[in-house]
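Architecture and fold: a report
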Amino acid sequence: MGCNSSTLAKIHNVEELILETGFSSSHVCHLYSRFHSLDKDDKGLLSRADFQTISELAVNPLGDRIINAFFPDGMDLIDFNSFVRTLACFRPVEESQKKELNSPEPINSRTNKLMFAFQLYDQDKDGKISNYELLQILRMMVGVQVTEEQLENITDRTIQEADLDGDNAISFEEFKKSLEKMDVEHLLSIRFI
Ligand code: CA
Ligand code: CA
C-alpha cells in the first residue's frame, strides 16, 4: 500500500494523532498498513489473537503481558488510534526532545517508558510490585537451570535493594530510582514493524 494523503484521510483525527505521538505522517501511514495486515477480518479493530501472529511477541516470554498492555480496562478490541498511541511509548527519545525541559511530557518520555515496563510487572494494578509478582516475571524470563530456591533469593534481594520505605514491595518511584542509570531504550526494544 502506498503512503499518500488518501491513506491519511482514512484515519480518524490524524492531525491530533501525529501531534500527540510524535510519529511522522509517513510513519503513521506505515503503521496503518501494518495494522491492516494484522486485522484479518478487516473490521478496523485488532484482537489479542491478531497480536499473537507477531512472531517477535510470540517468542517473547512477556509477550502476553505486552499484548495486554495494548488493551486498557479489559477491552477485547482496539482501534488504529489506540494502537498507535501505545506504540508511541516505544518510540526512541530524540536528541532535540531531551533539551526541551519545559515542554509537556511527551508520550515516549523516559517516565512513560518506565511506566509501561512497570505495568508489565504490576499485574494486580495496586501500584506496587510485590515479591510474588517479581518472582512470576523472573520465572518466565530465566531458563530451567535456575532452581526455585535461587529464584526466590534473587527476588528477595532485588526487592530489598529497591525497597526504600520498607513495605517489602516496589512502588513506581522506587522502580524508577533503581533503574536511574539504566538505558531504558533497551528495556523496550521490541520491534513491531
Ligand atoms: Ca502489584
Ligand atoms: Ca517499597
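Up top is the structure these notes are about.
Quantities reported herein were computed from a predicted structural model and do not represent experimental measurements.

On to the coordination of the calcium ion (ligand 2), then. Here the calcium ion (ligand 2) is held by the protein donor atoms Asp163 (OD), Asp165 (OD), Asp167 (OD), Ala169 (O), Glu174 (OE) and Glu174 (OE), which lie 2.3 to 2.6 Å from it. Each of the six donor atoms around the calcium ion (ligand 2) contributes to a set of angles spanning 53 to 156 degrees, which defines the coordination as irregular. Donor residues for the calcium ion (ligand 2), ordered by position in the chain, follow D-x1-D-x1-D-x1-A-x4-E.

For the calcium ion (ligand 1), the protein coordination sphere consists of Asp122 (OD), Asp124 (OD), Asp126 (OD), Lys128 (O), Glu133 (OE) and Glu133 (OE), at 2.3 to 2.5 Å. In this structure, the calcium ion (ligand 1) is coordinated by six donor atoms arranged in irregular fashion, with angles at the metal of 53 to 156 degrees. The class of Asp126 is partly exposed, set by a relative accessible area of 47%.

A few words now on the nonpolar core. Counting 32 residues, the largest nonpolar core has Ile11, Phe51, Phe70, Phe80 and Phe83 as the members making the most contacts within it. Within the residue set of this core, elements represented by two or more residues are α2 (14-21), α3 (25-38), α6 (63-69), α7 (80-88) and α9 (110-121). Of the residues forming this core, the biggest block, six residues, is contributed by α3. Residues lining this core come from more than one domain, with at least three contributed by each of domain 1 (1-88) and domain 2 (106-193).

Per the counting criterion, the structure on display carries seven salt bridges. For Asp167, the salt bridge goes to Lys128, with nearest N and O atoms at 3.3 Å. One end of the pair, Asp167, is in the loop between α11 (148-162) and β2 (169-171); the other, Lys128, is in strand β1 (residues 128-130), and 39 residues separate them in sequence. Asp167 gets classed as partly exposed once you look at its relative accessible area, which sits at 29%. With a shortest N-O distance of 2.6 Å, Glu148 and Arg139 are connected by a salt bridge.

So, on to unusual backbone geometry. Residues other than glycine seldom take positive phi values, yet Asn13 does so here, at roughly 50 degrees. Inspection of the secondary structure puts Asn13 in the loop between α1 (5-9) and α2. A positive phi angle, close to 55 degrees, is found at Lys125, a residue other than glycine. Checked against the element boundaries, Lys125 lands in the loop between α9 and β1.

The rules behind each value
Residues numbered from 1 in each chain as written. Chains lettered and ligands numbered in written order. Predicted model: local features only at pLDDT ≥ 70, side-chain atom pairs only at ≥ 80, totals over all residues. Heavy atoms only, no water. Donors = N, O, S within 2.8 Å, 3.2 Å for Na, K, Ca; no water. Tetrahedral: all angles 85-135°; square planar, octahedral: opposite > 155°, others 65-115°. Buried < 20%, exposed > 50% of the residue type's maximum accessible area, 1.4 Å probe, protein only. Core = buried A, V, L, I, M, F, W, Y, C linked by side-chain atoms within 4.5 Å. Helix = DSSP H or I, 4+ residues; strand = E, 2+ residues; numbered from the N terminus. Domains from an automatic or database assignment. Salt bridge = Lys/Arg side-chain N within 4 Å of Asp/Glu carboxyl O.

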